[in-house]
Amino acid sequence: MRTGFPLARPGLRIGILGGSFDPAHAGHVLISKVALRRLKLDRVWWLVSPGNPLKPHGPGPLPQRMAAARRLIHDPRILVTDLEARLGLRMTADTLAALARLYPGVHFVWLMGSDNMVQFHHWDRWRQIAADVPIAVLARPGSRLAARQSVAALTLRAFRLPETRARALATRATPAWVLLNLPMSGLSSTQLRKGRA
Ligand SMILES: Nc1ncnc2c1ncn2[C@@H]1O[C@H](COP(=O)(O)OP(=O)(O)OP(=O)(O)O)[C@@H](O)[C@H]1O
Ligand SMILES: O=C(O)c1ccc[n+]([C@@H]2O[C@H](COP(=O)([O-])O)[C@@H](O)[C@H]2O)c1
């Protein structure tokens with residue numbers, strides 16, 4: 001494995017939480033812990049993005065975002081990585097293809113908040129993403145119901161697992177996705193940036 005890339009042996013179940021983390025906050029920690037438990041994951045990797053392809057303004061510098069994210073985590077199962085920047089990738093479809101090549105035999109699950117599910121159908125090759133990797137959508141205030149009615153949710157409705165089957169998601173044939181309800185956190189990076197300004 002190249003330097004700077006996390007290690008993972010075949011058979012591990014790893015949730016990937018992609019985001020700007022500008023800055024990371026307790027909402028990210030909460031959904032990571034819920035995903036670890038409810039999806040029976042071994043690890044969650046925070047994939048600190050060089051920048052969301054759909055957002056017009058880039059986030060703050062990557063090293064600062066990484067350092068702040070690491071300071072927030074006190075669970076050895078959660079790991080922060082800049083592998084997307086190291087690979088020179090930005091589109092999630094490309095990142096997931098690279099992960100499959102780099103880590104054969106690892107069971108990856110894409111994690112995202114329900115706000116992202118609402119606009120998932122605008123992502124580059126979103127159907128390919130859903131065909132490549134199981135997806136867990138974590139409820140977030142204001143978008144939980146909209147996520148259930150989103151274009152992606154309706155398109156993929158035949159492949160939705162009930163929450164009671166969430167533990168099976170990581171090794172399920174794709175497409176497969178689940179919507180996880182949880183005691184929701186209203187925290188957001190936008191709100192924290194406003195508070196800092
Ligand atoms: N409070 C939260 N509850 C559920 N999911 C969340 C929460 N905060 C962030 N997420 C999810 O975590 C992932 C990374 O989030 P991101 O780094 O963009 O933080 P954010 O708070 O959504 O930032 P911003 O306000 O700048 O959009 C996304 O899939 C997002 O939906
Ligand atoms: O690939 C895409 O088209 C795409 C479009 C929007 C968002 N994403 C990814 O979704 C993750 C969450 O983005 P954000 O900006 O909400 O933190 C992050 O990993 C982005 O790279 C990816």
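Please read these numbers as outputs of a predicted model, since none were measured by experiment.

### Here we look at the site of ligand 2
Reasoning step 1: Of all residues adjacent to ligand 2, which total 15 residues, the nearest are Gly18, Gly19, Asn52, Trp123 and Asp124.
Reasoning step 2: For the shell around ligand 2, the secondary-structure elements that each account for two or more residues are β1 (13-19) and α4 (92-102).
Reasoning step 3: When its residues are assigned to classes, the shell around ligand 2 shows six nonpolar, seven polar and two charged.

### What about the site of ligand 1?
Reasoning step 1: Neighbouring residues of ligand 1: 19 residues in total, closest Gly19, Gly27, Gly113, Ser189 and Thr190.
Reasoning step 2: Among the elements of the structure, β1, α1 (26-38), β4 (107-113), α5 (114-118) and α9 (189-196) are those that each provide at least two residues to the shell around ligand 1.
Reasoning step 3: Counting residues per element, the shell around ligand 1 draws most heavily on α1, which supplies three residues.
Reasoning step 4: When its residues are assigned to classes, the shell around ligand 1 shows six nonpolar, 10 polar and three charged.

### Regarding the UniProt feature "domain: Cytidyltransferase-like" (unreviewed entry) in the protein chain
Reasoning step 1: Under the local residue numbering, the UniProt record ascribes the feature "domain: Cytidyltransferase-like" (unreviewed entry) to residues 16-194.
Reasoning step 2: End C-alpha to end C-alpha, residues 16-194 measures 27 Å, and it is 38% helix and 16% strand.

### Structural notes on the sheet that holds strand β2 (residues 43-48)
Reasoning step 1: Taking strand neighbours across the sheet as the criterion, the six strands line up as β3-β2-β1-β4-β5-β6 in an open arrangement whose pairing is parallel. Edge positions in the sheet fall to β3 (78-81) and β6 (177-180), since each of these pairs with one other strand and no more. Here the average twist between neighbouring strands, direction ignored, is 25 degrees.
Reasoning step 2: In this sheet, β2 lies alongside β1 in parallel orientation, the contact comprising six bridges. Looking across to β2, one finds that Leu17 is bridged to Trp46.

So, how was this worked out
- Residues numbered from 1 in each chain as written.
- Chains lettered and ligands numbered in written order.
- Predicted model: local features only at pLDDT ≥ 70, side-chain atom pairs only at ≥ 80, totals over all residues.
- Near = placed C-beta within 6 Å.
- Helix = DSSP H or I, 4+ residues; strand = E, 2+ residues; numbered from the N terminus.
- Nonpolar A, V, L, I, M, F, W, Y, C, P; charged D, E, K, R; others polar.
- UniProt positions renumbered as here; feature names shortened; annotations may be inferred.
- Pairing = 2+ DSSP bridges.
- Axes fitted to C-alpha atoms, helices over the stretch in contact; angles between N-to-C directions.

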